[in-house]
Amino acid sequence: MKKSFYLFRHGQTDMNLARRWQGRLIDAPLNPTGIRQAEALADALLPLRIQAVFTSPLLRAVQTAKIAAAKTGAPVFVDGGLIEGCFGEAEGKTLQEIHALFPELAARWENLDGDTLDTRFPNGESKREIQTRILRAMTRIAEMHPYERIGISSHSAAIRCTMLAFGQKYPQVPHGVPFRLEWDGKSFSGEQQ
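Now for a description of the structure that goes with this document. All values derive from a computational prediction rather than experimental measurement.

**A word on helix 3 (residues 59-72)**
Step number 1: Helix length check: helix 3 (14 residues) gives 20 Å between terminal C-alpha atoms against 20 Å at 1.5 Å per residue, within 8%.
Step number 2: Within helix 3, the full set of buried residues consists of Arg60, Ala61, Val62, Thr64, Ala65, Ala68 and Ala69.
Step number 3: On its buried side, helix 3 packs onto strand 1 (3-9), helix 2 (32-45), strand 2 (52-55), strand 3 (76-78) and strand 4 (149-154).
Step number 4: Directly after helix 3, the chain includes Gly73, whose backbone phi takes a positive value near 80 degrees.

**Topic: the state of the cysteines**
Each disulfide consists of a covalent bond between the sulfur atoms of two cysteine residues.
Step number 1: Overall, the coordinates contain 0 disulfides when judged by the stated rule.
Step number 2: Cys86 carries a free sulfur, and the closest cysteine sulfur to it, the one in Cys161, is 13 Å from it.

**Let's talk about helix 7 (residues 156-164)**
Every α-helical turn comprises 3.6 residues, leaving residues that sit three or four positions apart pointing alike.
Step number 1: Within helix 7, 9 of the 9 residues are buried, which leaves the element mostly enclosed by the surrounding structure.
Step number 2: Taken together, the buried positions of helix 7 are occupied by Ser156, Ala157, Ala158, Ile159, Arg160, Cys161, Thr162, Met163 and Leu164.
Step number 3: Along its buried surface, helix 7 packs onto strand 1, helix 5 (103-110), helix 6 (127-144), strand 4 and strand 5 (179-183).

**Remarks on the environment of Arg36**
Step number 1: Relative to the elements of secondary structure, Arg36 occurs in helix 2.
Step number 2: Arg36 sits 119 residues away from His155 along the chain, and the two C-alpha atoms are 17 Å apart.
Step number 3: Only 3.1 Å separates the side chain of Arg36 from the side chain of Thr33, close enough to count as a polar contact.

**A short note on the pattern of salt bridges**
Step number 1: By the definition in use, this model includes 9 salt bridges.
Step number 2: The salt bridge involving Glu125 is made with Arg24; its shortest N-O contact spans 3.1 Å. Placement of the pair is Glu125 in the loop between helix 5 and helix 6 and Arg24 in the loop between helix 1 (14-17) and helix 2, with a sequence separation of 101 residues.
Step number 3: Here Glu125 falls in the buried class, since its relative accessible area comes to 13%.
Step number 4: Here Arg24 falls in the partly exposed class, since its relative accessible area comes to 26%.

**So, the side chain of Ser4**
Step number 1: Along the polypeptide, Ser4 turns up in strand 1.
Step number 2: Residue Ser4 is classed as buried on the basis of its relative accessible area, which comes to 10%.
Step number 3: Not counting chain neighbours up to four residues away, the residues in contact with Ser4 comprise Glu148, Arg149, Ile150, Arg180, Leu181 and Glu182.

**Some points on unusual backbone geometry**
Step number 1: Look at Arg19: it is not a glycine, yet its phi comes out positive at around 60 degrees.
Step number 2: In this structure Arg19 comes out as exposed when scored by relative accessible area, which is 61%.
Step number 3: Backbone geometry at Asn123 places phi at a positive 70 degrees, although glycine is not the residue there.
Step number 4: Residue placement: Asn123 occurs in the loop between helix 5 and helix 6.
Step number 5: On the basis of relative accessible area, Asn123 is assigned to the exposed category, the value being 63%.

**Let's talk about the packing of aromatic side chains**
Step number 1: For the structure shown, the criterion picks out 12 aromatic pairs.
Step number 2: Look at Phe54 and Phe77: their rings are 5.0 Å apart centre to centre, the planes differ by 25 degrees, and that puts the pair in the stacked class. With a gap of 23 residues between them, Phe54 in strand 2 and Phe77 in strand 3 connect regions that are remote in the sequence.
Step number 3: Taking relative accessible area as the criterion, Phe54 reaches 2% and is therefore assigned buried.
Step number 4: Residues Tyr170 and Phe179 carry aromatic rings whose centres are separated by 4.8 Å and whose planes lie at 75 degrees to one another, so their mutual orientation is edge-to-face. Judged on exposure class, the residue Tyr170 and its partner Phe179 are both buried.
Step number 5: If you follow Lys127 out to its NZ or CZ, it ends over the ring of Trp109, 5.8 Å from the centre.

The rules behind each value
- Residues numbered from 1 in each chain as written.
- Predicted model: local features only at pLDDT ≥ 70, side-chain atom pairs only at ≥ 80, totals over all residues.
- Heavy atoms only, no water.
- Helix = DSSP H or I, 4+ residues; strand = E, 2+ residues; numbered from the N terminus.
- Expected span 1.5 Å × (residues − 1).
- Buried < 20%, exposed > 50% of the residue type's maximum accessible area, 1.4 Å probe, protein only.
- Contact = heavy atoms within 4.5 Å.
- Disulfide = S-S within 2.5 Å.
- Polar contact = N/O pair within 3.5 Å; in protein donor to acceptor, adjacent residues only side chain to side chain.
- Salt bridge = Lys/Arg side-chain N within 4 Å of Asp/Glu carboxyl O.
- Phe/Tyr/Trp six-rings, centres within 6.5 Å; stacked < 30°, edge-to-face > 60°.
- Lys NZ or Arg CZ within 6 Å of the ring centre and 35° of its normal.

Structure below.
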């Protein structure tokens, strides 16, 4: 059965505002701007007729999922496979601090070419590991649940790494903007947004 998946990044947090990397170890809530972004996302999802929203277990993603789903009436399910990447020693730091501490790694992390997929910060996940984990979680969701139009509340790096599998390169992933992938019953495909 064909299914449409709509991946979206959670709304803004104070850590985002301070331009600090949260990763999976920092569980910050949405700030007032993030709540407004989630409400705007709900309006954008309404005509897509989302039937269910699956979310990362991190608070910012759960809050976004619940706000978005409330308007559509869709149930919300938490799935640990959708969690943000682990950035190890880069978590909690600003991009400027990360570039100062890990200049070569930071440049490779920002590079979206295929030969950089195994880049990782010390004690963190690689882009390939994030991509594999997210696609595995979405495949499980597609195979185990009857829904045909599914929202995925996740995170910037998780979405960016996932979309690389379909040749889509996003240096930035905006808050609350859905990215569409199609499930054909066996695998996912995506078209440039």
